[in-house]
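Each chain is listed here by its residues.
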Amino acid sequence: MEGGGGHGPRTILNHLPQATTEVDKSRNHVVDVQPTGDDDCTTVDLNCRPAIHFVLAFNDLTYSVKGPKKATAAVCDGHVEGARRNMLLDGISGSAREGEIMAVLGASGAGKSTLIDALAGRIQRGSLQGAVTLNGDALDSSLLRVISSYVMQDDLLYPMLTVAETLMYSAEFRLPRSLSASKKRSRVEALIDQLGLRAAANTIIGDEGHRGVSGGERRRVSIGIDIIHDPIILFLDEPTSGLDSTSAFMVVRVLQRIARSGSVVIMSIHQPSYRILGLLDRVLFLSSGRTVYYGPPAALPLFFSELGQPIPEGENPAEFALDHIRELDGTDAGIEEVVKLNKLWQDKALPHAVSAASREPFLSLKETIILSIAGGKLVSGSGSGSSATSQVATYANPWWVELSVLTLRGFTNSRRTPELFLMRLGAVVVTAFILATIFWQLDSTPKGVKERYSFFAIAMATMFFTTADALPVFLIERYIFFRETAHNAYRRSSYVLSNAIVTLPPLIFLSLAFAAISFFAVGLAGGAEGFVFFVLIVLASFWAGSGFVTFLSGVVPNAIIGYTVVVAVLTYFLLFSGFFVTRDRIPDYWIWLHYVSLIKYPYEAVMLNEFGADQGKCFMRGVQMFDGTTMAKQAVSTQVAVLNAISLNMRVDLNSTSCIATGADILAELAVDQLGKWACLWATVAWGFLFRVLFYLTLLLRSTNKRR
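Residues numbered from 1 in each chain as written. Predicted model: local features only at pLDDT ≥ 70, side-chain atom pairs only at ≥ 80, totals over all residues. Heavy atoms only, no water.

Draft legend 1. Here's a closer look at the confidence of the model for the protein chain. Summing up the model confidence of the protein chain, the mean pLDDT is 82 and the portion of residues at 70 or higher is 84%. Here residues 71–78 is a poorly scored stretch, pLDDT under 50, and it has 15 contacts once near neighbours within four places are set aside; other chains count. For the stretch residues 381–386, pLDDT sits under 50, and the model shows 18 contacts to residues farther than four places along the chain or on other chains. (pLDDT = per-residue confidence, 0-100. Contact = heavy atoms within 4.5 Å.)

Printed below as a string of structure tokens:
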């Protein structure tokens with residue numbers, strides 16, 4: 001075995017201690033090429049094993065992306081690369097079967113994550129060439145979403161939930177309503193034991209500001225939430241990255257138990273230790289998007305011996321292989337020799353296996369799925385129908401169950417992060433206090449009227465600017481949402497509705513706090529009825545502002561850009577609200593901004609509530625008409641004389657107590673005459689709903705989780 005020239009290719013193949021699996025597409029059954037166990041054997045023993053239920057096969061997968069515009073065509077590894085395309089996968093073939101772990105290895109940039117995404121249906125169908133089949137049947141993306149789970153490289157978890165709560169919420173999403181609460185709890189408890197998380201079950205996940213579980217425990221929780229319903233296929237993107245050797249080994253050992261329980265486990269891994277390599281059933285080495293080795297880890301020494309590079313005794317075969325492949329990739333000859341040798345191995349073994357299998361009985365994909373469900377797989381339940389896709393339910397629960405679970409989880413997170421609400425409450429209370437002390441008990445003079453304008457404009461704008469702190473909420477939750485909805489944990493509509501429900505109670509409290517501090521202190525009109533309306537319009541403003549910010553959070557890529565957009569757009573809304581420039585003074589080419597301004601409607605509503613409650617109430621009497629003019633500096637007797645002169649010339653009875661302007665006159669002067677106050681209130685509420693509908697549409701368009 002240490003020498004490189006003692007065996008020819010055929011001899012090496014006959015000595016190969018590997019089990020190669022293939023699916024006969026015409027008869028849908030599994031074939032193993034098993035070793036005879038004799039080092040002197042010259043034939044391989046073919047066994048058809050219909051006991052293996054699922055085999056995920058992939059054939060000639062090819063995927064490329066656009067390269068730099070100035071890139072030029074080049075010859076690499078004997079094939080010409082397109083001038084504007086980079087080949088990420090180049091004719092990758094192989095299979096993974098139930099009960100085993102298949103690991104994809106390679107250096108950074110070799111195409112590991114790309115291959116996992118291709119198998120998991122996370123590359124758009126038109127961009128990926130080749131075939132991915134399950135038991136010989138083409139794998140439909142809708143079926144794959146239901147029967148598989150994908151564990152991302154990053155641990156995307158809610159930091160303030162405990163390990164047990166995190167898994168329990170996942171169980172509520174993925175397990176059907178027909179399963180009792182005690183059975184769901186039992187499933188979670190069993191999973192906690194399976195993952196080795198019993199000691200950390202009641203510990204929060206934690207983040208930078210809150211101490212929680214360790215990195216290895218966090219990774220096992222990430223795996224747990226995606227296997228709570230016992231999926232048929234489990235994809236993992238580098239589940240051991242960032243972990244120490246012991247934690248990484250424990251994670252892979254958990255994956256081995258999952259595979260042995262009847263799942264197909266496919267993972268990418270950068271550089272496995274010797275102990276981890278012993279847990280893997282088959283490995284696929286990639287370099288520059290091409291297969292350089294595919295088979296069991298135990299055959300690596302024979303493979304590299306045939307290549308003329310025997311692996312030294314005591315050295316990790318995976319590390320040796322990765323290092324040698326990296327060295328070859330840097331030479332002029334490249335990896336062509338090792339690619340050809342791997343292809344020779346595969347070509348020699350597989351045709352005989354498929355031929356032998358053609359005489360054996362088979363199970364269709366539909367029958368296999370039914371058997372798996374009967375055996376306890378896919379606990380989320382089954383559907384009805386004749387196709388394989390219809391054998392499993394798209395969603396485990398009706399939308400109202402999803403809504404209740406999402407809402408409960410949202411309230412739990414909010415309750416455990418009270419500092420967020422307290423900061424908002426502090427901002428609102430301080431703003432209300434400042435406004436109340438500045439505009440204390442405004443009178444009914446022209447100056448008091450102008451000060452009311454300012455109070456209403458600042459107060460309504462504050463409602464919208466205060467909601468900007470909701471921007472990071474979905475930005476933080478975004479990838480958790482993408483992960484959960486990628487495999488149908490719940491509907492996007494359920495998430496949008498629960499988000500609105502969880503948002504509402506704090507807004508009600510903030511509205512009451514602001515109105516209670518400012519309304520009576522400023523001396524606004526309307527009494528109890530006016531106060532109730534003021535609370536409602538403040539709440540509607542919070543609601544609309546929250547909806548606007550929630551919608552933006554689904555559009556902008558990060559919080560910095562989001563805050564910039566929020567401040568800019570709300571400034572435009574304030575400018576065109578009617579406070580700085582009345583509607584009849586706005587140019588025609590900008591008038592549309594007046595009507596789409598979110599601040600316009602609550603601003604007009606509070607103006608109508610103040611000056612329309614008693615339209616006969618006088619806000620300017622006699623000589624007060626001279627306030628703000630040069631006549632205001634003259635003596636009162638002079639002002640009265642001028643007033644009498646005006647009265648004589650206009651033949652109108654004017655004196656120092658005559659009413660010059662009423663509430664109706666003020667509203668007419670401000671061009672606040674198109675809608676009533678209740679219409680303005682409902683318009684503000686409607687804006688809040690509209691933005692949440694747009695948020696839902698954004699989630700539909702942006703959460704495909706697929707590469708182009």
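Okay, back to it.
Draft legend 2. Up close: the pairing of strand E11 (residues 148–151). In E11, alternate side chains face the same way, and those of Ser148 and Tyr150 on one face and Ser149 and Val151 on the other are all buried. One ladder, built from four bridges, connects E11 with strand E12 (residues 233–237); its direction is parallel. In the sheet register, Ser149 faces E12, and the bridge partner there is Leu234. (Buried < 20%, exposed > 50% of the residue type's maximum accessible area, 1.4 Å probe, protein only. Helix = DSSP H or I, 4+ residues; strand = E, 2+ residues; numbered from the N terminus. Pairing = 2+ DSSP bridges.)

Draft legend 3. Quick look at the state of the cysteines. Throughout the structure, instances matching the rule amount to one disulfide. Two residues, Cys618 and Cys659, share a disulfide whose sulfurs are 2.3 Å apart. One quick way to see it: the torsion about the S-S bond of Cys618 and Cys659 is about 110 degrees, and its sign makes the bridge right-handed. Linking Cys618 in strand E16 (residues 618–621) with Cys659 in strand E17 (residues 659–662), this pair joins segments that are 41 residues apart in sequence. (Disulfide = S-S within 2.5 Å.)

Draft legend 4. Expanded view of unusual backbone geometry. In this model, Asp230 sits at a positive phi of 60 degrees, which is unusual for a non-glycine residue. Tracing the backbone through its elements, the reader meets Asp230 in the loop between helix H6 (215–227) and E12. Residue classification places Asp230 among the buried positions, given a relative accessible area of 15%. Residues other than glycine seldom take positive phi values, yet Glu238 does so here, at roughly 50 degrees.

Draft legend 5. A look at the sheet that holds strand E8 (residues 101–105). The strand order across the open sheet formed by six strands is E11-E12-E13-E8-E14-E15, and the pairing between neighbours is mixed. Looking at which strands have only one partner, the edges of the open sheet turn out to be E11 and strand E15 (290–295). Strand-to-strand twist in this sheet, taken as the mean axis angle between neighbours without regard to direction, amounts to 15 degrees. Direction of pairing for E8 relative to strand E14 (residues 282–287): parallel, over a ladder of four bridges. Bridge assignment links Leu105 to a residue of E14, and that residue is Phe285. Packed on one face of the sheet, helix H10 (residues 317–329) meets E8, E14 and E15 and runs near 20 degrees to E14. (Axes fitted to C-alpha atoms, helices over the stretch in contact; angles between N-to-C directions.)

Draft legend 6. Here's a closer look at a nonpolar patch on the surface. On the surface, a cluster of nonpolar side chains totalling about 400 Å² of accessible area is made up of Val430, Phe433, Ile434 and Ile438. Position of Ile434 among the secondary structure elements: in helix H14 (residues 418–438). (Patch = residues over 30% accessible without salt bridge, like charges linked within 9 Å, V, L, I, M, F, W, Y side chains within 5 Å. Areas by Shrake-Rupley, 256 points an atom, 1.4 Å probe, with all protein chains shown as cover. Salt bridge = Lys/Arg side-chain N within 4 Å of Asp/Glu carboxyl O.)

Draft legend 7. A look at the sheet that holds strand E9 (residues 129–134). Overall, antiparallel pairing links the four strands, which are arranged E7-E4-E9-E10 in an open sheet. Two strands close off the open sheet at either side, each with one partner strand: strand E7 (85–97) and strand E10 (137–138). Pairing geometry for strand E4 (residues 55–66) and E9, over five bridges, is antiparallel. Residue Thr62 lies in a different strand from E9, and its bridge partner there is Gln129.

Draft legend 8. Broad picture of the pattern of salt bridges. Taken as a whole and assessed by the stated rule, the structure comprises 20 salt bridges. In this structure, Arg290 and Glu336 form a salt bridge, with 3.1 Å as the shortest nitrogen-oxygen distance. Of the two residues, Arg290 sits in strand E15 while Glu336 sits in helix H11 (residues 336–357), which places them 46 residues apart along the sequence. Here Arg290 falls in the buried class, since its relative accessible area comes to 11%. One salt bridge in this structure joins Glu604 and Lys600, with 2.9 Å as the shortest N-O distance. Of the two residues, Glu604 and Lys600 both sit in helix H21 (residues 600–611), four residues apart, roughly one turn of that helix. Taken individually, Glu604 and Lys600 each receive the classification buried, so the pair is uniform in this respect. When salt bridges with common partners are traced through the structure, they connect Asp90, Arg290 and Glu336 into a single cluster.

Draft legend 9. Here's a closer look at H21. Between its first and last C-alpha, H21 extends 16 Å over twelve residues, near the 16 Å set by a 1.5 Å rise per residue. Taking burial as the measure, the twelve residues of H21 include twelve buried ones, the bulk of the element. All of the buried residues along H21 are Lys600, Tyr601, Pro602, Tyr603, Glu604, Ala605, Val606, Met607, Leu608, Asn609, Glu610 and Phe611. Where the residues of H21 are buried, they touch helix H15 (446–466), helix H18 (527–553), helix H20 (591–596), E16, helix H23 (663–669) and helix H24 (677–702). (Expected span 1.5 Å × (residues − 1).)

Draft legend 10. Structural view of the nonpolar core. Counting residues in hydrophobic clusters, the biggest one holds 123 residues, and the most contacted among them are Phe235 and Phe534. At 15 residues, H18 tops the list of elements feeding residues into this core. If sequence neighbours within four positions are ignored, Phe235 has contacts with Leu56, Ile116, Leu119, Ala120, Leu144, Ser148, Ser149, Tyr150, Val151 and Ile266. If you look at the next biggest cluster of nonpolar residues, it comprises 65 residues, including Ala103, Ile225, Val292 and Ala321. (Core = buried A, V, L, I, M, F, W, Y, C linked by side-chain atoms within 4.5 Å.)

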